[in-house]
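Take a look at the letters that make up each chain.
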Amino acid sequence: MSFRRPEGRDEDTDGGFAHGSWSMPFFDPATMGPAVGEALQSTEALLFGRRTWQTMAAAWPGRAGDPFADRMNEIRKYVASRSLAPDDLAWTNSTLLPADDVIGAVNRLRAAGSGDMQVMGSGSIARTLISNDLVDEYRLMIEPIVLGGGKRLFPEDGTSRALELVSHSVSGTGVHICTYRPVRAS
């Protein structure tokens, strides 16, 4: 499964990937918009890698006045980066996590928080959280296209991770909007 953001055609060409903006033809505002909005309303904080944070920080502050943009701008944001400094984080409510202890920082945030923390984009962060059993719920939008390349969402560590389907809907464009929870061994 490839994991890509919806920006321009050359949004992220790592590894020769040439299908930037692939998901935009499948976006269905009638079903996908409310699914994203609902998830964001129960979210206490967002967790980003550097590249996704920079993309979002360039896009959302200038869109004030729209309820979704306002939520994106007001919510707490945590950034995992080895190259950014705290002074680089001009987007409101952004905090840099310690580069040498991202997993420890996420564990501390989980212990102290009362709401959901969500990863948007940031495939390497998602893989790291999955590898460390720090994902409580997966909200996936499975789109009707096979790209034949790109970054992977799930770790390639050979570990089997059973999931339970919690909810499912289908957009008019054929996107499956699925919520899964890990099946924890008892």
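Up top you'll find the structure we're talking about.
Predicted model, so just to flag it, every value in this text is computed and none were measured. (Residues numbered from 1 in each chain as written. Predicted model: local features only at pLDDT ≥ 70, side-chain atom pairs only at ≥ 80, totals over all residues. Heavy atoms only, no water.)

1. As for the overall build of the protein
- Along the backbone of the protein there are five helices and seven strands.
- Across the 186 residues of the protein, 35% fall into the buried class.
- Put simply, of all contacts in the protein between residues at least 6 apart along the chain, 64% involve residues at least 24 apart.
- Surface summary for the protein: the accessible area is close to 10300 Å², and the carbon and sulfur share equals 51%. (Helix = DSSP H or I, 4+ residues; strand = E, 2+ residues; numbered from the N terminus. Buried < 20%, exposed > 50% of the residue type's maximum accessible area, 1.4 Å probe, protein only. Contact = heavy atoms within 4.5 Å. Areas by Shrake-Rupley, 256 points an atom, 1.4 Å probe, with all protein chains shown as cover.)

2. Regarding the sheet that holds strand S7 (residues 176-182)
- Within the open sheet, the three strands sit side by side as S5-S7-S6. Their pairing is antiparallel. Strands at the two margins of the open sheet, each flanked by one partner only, are strand S5 (138-142) and strand S6 (163-170). Within this sheet the neighbouring strands show an average axis-to-axis angle of 20°, counted without direction.
- One ladder, built from five bridges, connects S5 with S7; its direction is antiparallel. (Pairing = 2+ DSSP bridges. Axes fitted to C-alpha atoms, helices over the stretch in contact; angles between N-to-C directions.)

3. A short note on the packing of helix H1 (residues 32-41) against helix H3 (residues 67-74)
- Where H1 contacts H3, the axes come no closer than 11 Å and their chain directions differ by 35°. You can see that H1 and H3 cross each other, and the crossing is left-handed. The segment H1 lies against H3, with Val36, Gly37, Leu40 and Gln41 engaging Phe68, Arg71 and Met72.
- The residue inventory of the contact of H1 with H3, partitioned by class, reads four nonpolar, two polar and one charged. (Left-handed = near helix turned anticlockwise from the far one by under 90°. Nonpolar A, V, L, I, M, F, W, Y, C, P; charged D, E, K, R; others polar.)

4. What to know about unusual backbone geometry
- Positive phi is not limited to glycine here, since Asn93 has a value of about 60°.
- With respect to the helices and strands, Asn93 occurs in the loop between strand S2 (76-80) and strand S3 (94-96).
- Overall, Asn93 belongs to the partly exposed group, its relative accessible area being 38%.
- The backbone phi angle of Asp133 is positive, close to 50°, even though this residue is not glycine.
- Secondary-structure assignment places Asp133 in the loop between helix H5 (123-131) and S5.

5. Notes on the environment of Pro182
- Relative to the elements of secondary structure, Pro182 occurs in strand S7.
- In this structure the C-alpha to C-alpha distance between Pro182 and Tyr138, which are 44 residues apart in sequence, comes to 8.2 Å.

6. Focus on the packing of aromatic side chains
- Throughout the structure, instances matching the rule amount to four aromatic pairs.
- Summarising the aromatic geometry, the rings of Trp60 and Phe68 are spaced 5.2 Å apart at their centres and angled 65° between planes, so their arrangement reads as edge-to-face.
- What makes Trp60 buried here is its relative accessible area of 13%.
- Taken together, Phe48, Trp53 and Trp91 form an aromatic cluster joined through their ring pairs.
- One Lys or Arg, Arg63, reaches over the ring of Trp60 and ends 4.7 Å from the middle of that ring.
- For Lys77, the ring lying beneath its charged end belongs to Trp91, and the centroid distance is 4.4 Å. (Phe/Tyr/Trp six-rings, centres within 6.5 Å; stacked < 30°, edge-to-face > 60°. Lys NZ or Arg CZ within 6 Å of the ring centre and 35° of its normal.)

7. Quick notes on the pairing of strand S1 (residues 43-49)
- For S1, a buried count of six out of seven residues is recorded, marking the element as mostly surrounded by other parts of the structure.
- Here S1 runs beside S2; their pairing, made up of five bridges, is parallel. Bridge pairing in S2 places Leu46 opposite Lys77.

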